[in-house]
There are 2 protein chains.
Amino acid sequence: MPNKPSTSTGSFNNPLTANRRNLIAVLDQANRIASMTSLDDLLDQMLELMIEVSEGEAGTLYLLDQAAGELVFKVVKGEKSSPEFKGLRIRQDQGIVGAAVQQRELIVIEDIAKDPRWYRDMDPEKTAHLRNVITLPLLLQGNPIGAVQIFNFVHAELELLQVLGNRMASEVDKVMLLDKSHRTNQRLQALVDILGRVGATLDSEQLLRLLAELATDLMEAEKSSVMLAERQGQEMMFFFDENGKDSISPGQRHGFLARSACAAPLRARPITVGKSRIAREERVIGNLMVLNKKSGVFDAEDTQLLEILANHASTVLQIAGLYGEANELFLDFIKVLAATIDAKDPYTRGHSQRVSDISVAIAQEMGLSADLVHDIQIGSLLHDIGKIGVPDTIITKPDPLTSEEFEQMKRHPTIGLRIMSQVHLLSNVLPAISEHHERVDGSGYPLGLHGEQISQIGLIVSVADVFDAMTTNRPYRQAVEIDLVFDHLHENIGRLYDRRCVEALIKTVIQANPRNPISS
Amino acid sequence: MPNKPSTSTGSFNNPLTANRRNLIAVLDQANRIASMTSLDDLLDQMLELMIEVSEGEAGTLYLLDQAAGELVFKVVKGEKSSPEFKGLRIRQDQGIVGAAVQQRELIVIEDIAKDPRWYRDMDPEKTAHLRNVITLPLLLQGNPIGAVQIFNFVHAELELLQVLGNRMASEVDKVMLLDKSHRTNQRLQALVDILGRVGATLDSEQLLRLLAELATDLMEAEKSSVMLAERQGQEMMFFFDENGKDSISPGQRHGFLARSACAAPLRARPITVGKSRIAREERVIGNLMVLNKKSGVFDAEDTQLLEILANHASTVLQIAGLYGEANELFLDFIKVLAATIDAKDPYTRGHSQRVSDISVAIAQEMGLSADLVHDIQIGSLLHDIGKIGVPDTIITKPDPLTSEEFEQMKRHPTIGLRIMSQVHLLSNVLPAISEHHERVDGSGYPLGLHGEQISQIGLIVSVADVFDAMTTNRPYRQAVEIDLVFDHLHENIGRLYDRRCVEALIKTVIQANPRNPISS
């Protein structure tokens with residue numbers, strides 16, 4: 001309702017004719033309808049008003065689906081109307097409606113039955129009562145966005161209908177804009193969450209699969225793919241989607257029919273750390289593509305959101321790659337170093353790697369956290385690093401050591417601790433080095449620690465170390481039979497070794513190789 | 001213009017009265033105006049139409065700035081109007097306009113001069129010709145978004161004006177929505193670029209400063225800050241803004257007056273690599289805050305964009321931190337290892353670290369790329385790693401070596417190469433190990449390479465190695481005077497050493513310590 005003018009100042013009111021007053025009431029009603037924010041309500045009320053103005057019996061309202069080139073039945077009104085038509089689609093050039101939309105002109109037909117454009121294939125019983133029809137294209141800045149039909153009208157208020165129609169087209173556009181704005185907000189919120197999730201794994205295959213999955217959702221697509229060029233020799237492409245990883249040429253698409261597509265490049269960018277430029281130039285390393293928007297076509301906003309996602313993922317991939325390399329470098333380095341120290345004595349060749357493998361297996365069997373398993377892997381590889389400070393003559397001596405030489409040999413945990421405690425970030429793994437010769441009853445060295453004084457990592461590595469020593473040949477004896485080793489470990493639970501560690505060790509060794517547990 | 005009905009089917013036309021036809025023309029004009037996508041044009045034309053309908057002499061249009069609680073003069077029209085009022089602001093409850101907006105009612109005043117609400121403080125000459133005024137609030141779903149005043153009107157077409165006003169309010173809202181949608185697109189595009197840029201540096205201080213800078217732009221704020229809690233002991237906060245880094249309590253804000261603020265947390269999230277969970281739990285590590293939106297206040301979209309930026313930056317920060325740690329671990333480890341090997345012989349204590357420092361200085365002086373400098377740093381630290389395979393008795397022997405012992409000693413580049421070539425990611429640095437005893441004239445070992453056969457990294461490390469050996473005490477001689485060392489290097493350019501390397505070395509040594517170049 002319009003606001004009443006201030007009564008105190010009403011004397012200038014220009015009296016309107018009844019006709020004009022009536023018209024103003026229609027417009028006021030149109031304003032009320034226009035304030036609706038639900039598209040369905042808006043369309044429903046708008047058709048109602050137009051039927052009323054024309055004193056019609058029924059009406060239908062169509063919206064144009066531009067992408068499909070079809071008119072969609074949105075509202076069907078009137079006593080004898082057929083609501084089952086709702087949702088039906090016709091070609092945008094079909095029938096009287098199609099003609100009105102194509103010509104952008106209002107069409108009035110006095111006798112429907114005589115018009116060749118009337119749908120002949122519709123149920124005659126349901127349309128037999130329809131005598132005449134006004135067909136009105138809904139124009140937005142001159143372009144059709146739909147149409148209205150009013151059946152069995154009394155007044156053909158064509159100018160008014162067109163004014164109302166155009167007015168309503170503008171409001172439909174606004175509601176759609178509001179919807180889009182609302183939808184944009186929802187998608188931005190989804191992006192907030194997604195940008196938290198891409199980065200949850202630094203494993204590039206997992207990351208790319210997650211990326212394809214999240215892109216499909218965000219972009220309302222049927223399918224996504226991530227293609228990644230191999231680092232060297234750009235020709236091999238990897239293709240990730242919900243089915244996993246495939247190394248195929250990008251042309252092959254498993255017969256999937258692509259209606260619409262939107263793609264964004266994955267780029268490695270120049271990166272600096274301090275003054276160092278660790279990545280030199282920008283280059284495309286792959287692409288992220290979504291296929292077949294579920295409704296409509298991909299628009300500029302889709303492209304932007306996909307690019308944001310692609311840029312985020314590119315950065316994560318690139319830095320995760322650097323992290324992976326730095327980790328690999330360190331791990332490879334200490335493996336090679338440990339192997340070099342082991343190899344000074346032919347009898348201990350490969351010892352540190354085996355102790356590490358066994359220690360990791362024990363830790364996993366015990367259900368320790370991945371962090372701790374990682375520390376145990378590093379620590380066990382380095383457990384004999386202190387031998388670097390023991391004279392080669394002692395390490396490589398084939399004959400039994402003198403007691404003085406043995407005392408020197410026994411200093412390797414202490415030497416290792418002294419050296420490696422200088423590496424700040426290794427602090428968690430040091431007990432593997434310093435405690436792998438300690439024993440539960442305090443009979444070990446260098447400190448003679450008891451039971452709980454020995455850390456978990458120390459307990460695990462000590463058992464793994466004994467196991468490997470006993471199951472390999474030594475200058476002073478042959479490798480011991482596996483069953484005898486198990487017996488020895490079992491008998492010394494609580495005296496030399498920790499129960500949980502021994503049990504976990506035996507379990508993993510048997511699981512790994514049920515018939516002949518020791519293959520090395 | 002409305003579309004003319006199809007002439008062939010016009011017989012149902014209901015003849016309109018002239019008055020009604022005239023009104024339809026006004027509405028049609030309103031539709032035309034409504035199709036404008038420029039807010040200025042829309043407001044201008046809309047005011048024009050209302051003045052025309054009322055046969056007024058002048059008019060003004062105000063929009064409400066909700067955040068400021070002010071009405072802004074947007075359009076001033078009419079022959080005697082005063083365009084200099086444009087842009088002026090009045091309180092939303094001030095004057096007749098304020099009254100109409102507050103009451104949400106149309107107010108008609110026959111004699112302005114007698115109304116106490118008329119602005120007394122305006123230039124009397126400019127307003128003396130104004131006799132009467134219609135003041136019309138522009139209502140959108142019942143809420144005022146502005147107002148229109150029409151001066152010296154002839155007809156007070158109040159219902160029509162209100163219908164037009166409400167219609168136009170809806171259109172203003174739509175244009176603003178369109179503007180916002182357009183603006184959102186621009187900001188998403190900006191975000192695409194920003195997400196490419198945050199990640200260009202892995203140095204956390206640089207990254208945080210860049211983040212504050214980019215957030216200020218994206219959020220149209222006056223100022224941004226990034227606060228980061230220290231990893232241990234959450235109490236110390238660091239504050240980054242365009243002025244740099246500050247370690248202050250978050251309360252102190254340099255007397256900066258915050259009108260409005262929008263903040264998003266920076267979160268470290270759980271991260272896995274393969275089966276390893278390398279970051280355990282989600283925790284807030286800081287926050288990103290923008291202050292004082294330049295126009296208006298921060299809205300939901302601002303919060304979302306800031307969160308997207310914060311989530312991206314958090315991920316980059318977190319992974320960059322992991323990368324930094326992995327790098328630091330490796331570098332610390334090889335430093336400690338090299339120092340341990342050096343320390344077997346008291347005469348070579350600290351040798352590898354010094355050779356590395358000198359090699360890096362030479363490489364930087366020569367203007368080599370940061371990548372190459374990094375390789376040289378690693379390679380030079382490891383150049384004597386092969387001594388791990390030379391018997392301690394030879395390395396630690398205080399007396400001169402026999403020629404057989406010397407031959408064994410000369411195997412260390414080959415041994416080092418054999419060991420380190422097993423570490424795939426060290427391939428670039430291997431020449432530092434294998435070629436640091438090669439000489440330009442082919443007189444070096446182990447291969448007797450000539451000139452260009454020796455890699456740049458080999459040439460650099462060999463000069464740095466000789467320099468450190470000559471300037472430190474050895475069992476067989478005291479440290480050589482620096483000038484004599486320079487002489488030796490100079491004299492042997494092109495014979496033993498590379499010219500560029502020698503010149504760069506001398507330059508950096510002199511620059512580093514002009515009076516006493518060697519401080520070690």
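Definitions and limits used
Residues numbered from 1 in each chain as written. Chains lettered and ligands numbered in written order. Predicted model: local features only at pLDDT ≥ 70, side-chain atom pairs only at ≥ 80, totals over all residues. Heavy atoms only, no water. Helix = DSSP H or I, 4+ residues; strand = E, 2+ residues; numbered from the N terminus. Buried < 20%, exposed > 50% of the residue type's maximum accessible area, 1.4 Å probe, protein only. Contact = heavy atoms within 4.5 Å. Areas by Shrake-Rupley, 256 points an atom, 1.4 Å probe, with all protein chains shown as cover. Buried area = accessible area lost by both parts, 1.4 Å probe. Salt bridge = Lys/Arg side-chain N within 4 Å of Asp/Glu carboxyl O. Polar contact = N/O pair within 3.5 Å; in protein donor to acceptor, adjacent residues only side chain to side chain. Nonpolar A, V, L, I, M, F, W, Y, C, P; charged D, E, K, R; others polar. Least-squares fit on C-alpha atoms with pLDDT ≥ 70 in both.

In this section: the overall build of chain A. Counting secondary structure elements, chain A contains 16 helices and 13 strands. Residue burial in chain A is summarised as follows: out of 520 residues, 55% are buried. Sequence separation of 24 or more characterises 58% of the internal contacts of chain A that already satisfy a separation of 6 or more. Summed over all atoms, the accessible surface of chain A reaches about 23100 Å², with 49% contributed by carbon and sulfur.

This paragraph deals with the interface of chain B and chain A. Contacts between chain B and chain A engage 116 residues on the former and 116 residues on the latter. Roughly 10700 Å² of surface becomes buried between chain B and chain A when both sides are summed, with 61% attributable to carbon and sulfur atoms. Remark: the boundary between chain B and chain A carries two salt bridges. One salt bridge in this structure joins Asp173(B) and Lys174(A), with 3.0 Å as the shortest N-O distance. Here chain B and chain A share 26 residue pairs in polar contact (both at pLDDT 80 or more) between them. Counting residues per element, the side of chain B that touches chain A draws most heavily on helix H7 (residues 300–343) of chain B, at 26 residues. Tallied by class, the residues present in the side of chain B that touches chain A amount to 56 nonpolar, 34 polar and 26 charged.

Right, let's talk about the relation of the copies chain B and chain A for a bit. Each copy of the sequence occupies a distinct position, and chain B is placed on chain A by a rotation of 180° and an axial shift of 0.0 Å, giving an RMSD of 0.3 Å. In symmetry terms, the pair is related by a two-fold rotation axis. Closest approach to the rotation axis within chain B is made by the C-alpha atom of Tyr323(B), at a distance of 2.2 Å. An overlap of 100% is found between the interface residues of chain B and their copies at the interface of chain A, pointing to a shared contact surface.

Before going further, it helps to spend a moment on the pattern of salt bridges. By the definition in use, this model includes 52 salt bridges over all chains. Salt-bridge contacts for Glu48(B) lead to Lys77(B); the nearest nitrogen and oxygen are separated by 3.1 Å. Residue Glu48(B) is found in helix H2 (residues 39–54), and its partner Lys77(B) is found in strand S2 (residues 70–78); the two are separated by 29 residues along the sequence. Given the relative accessible area of 16%, Lys77(B) is considered buried. Between Glu220(B) and Lys293(B) there is a salt bridge whose closest N-O contact spans 3.1 Å. Within this pair, whereas Glu220(B) is found in the loop between helix H6 (204–218) and strand S7 (221–229), its partner Lys293(B) is found in strand S13 (residues 283–293), the two being separated by 73 residues in sequence. A residue is classified by how much of its surface remains accessible, and Glu220(B), at 25% relative accessible area, is partly exposed. Salt bridges sharing common partners tie together Lys180(A), Arg183(A), Arg187(A), Glu220(A), Lys293(A), Asp299(A), Glu301(A) and Asp302(A).

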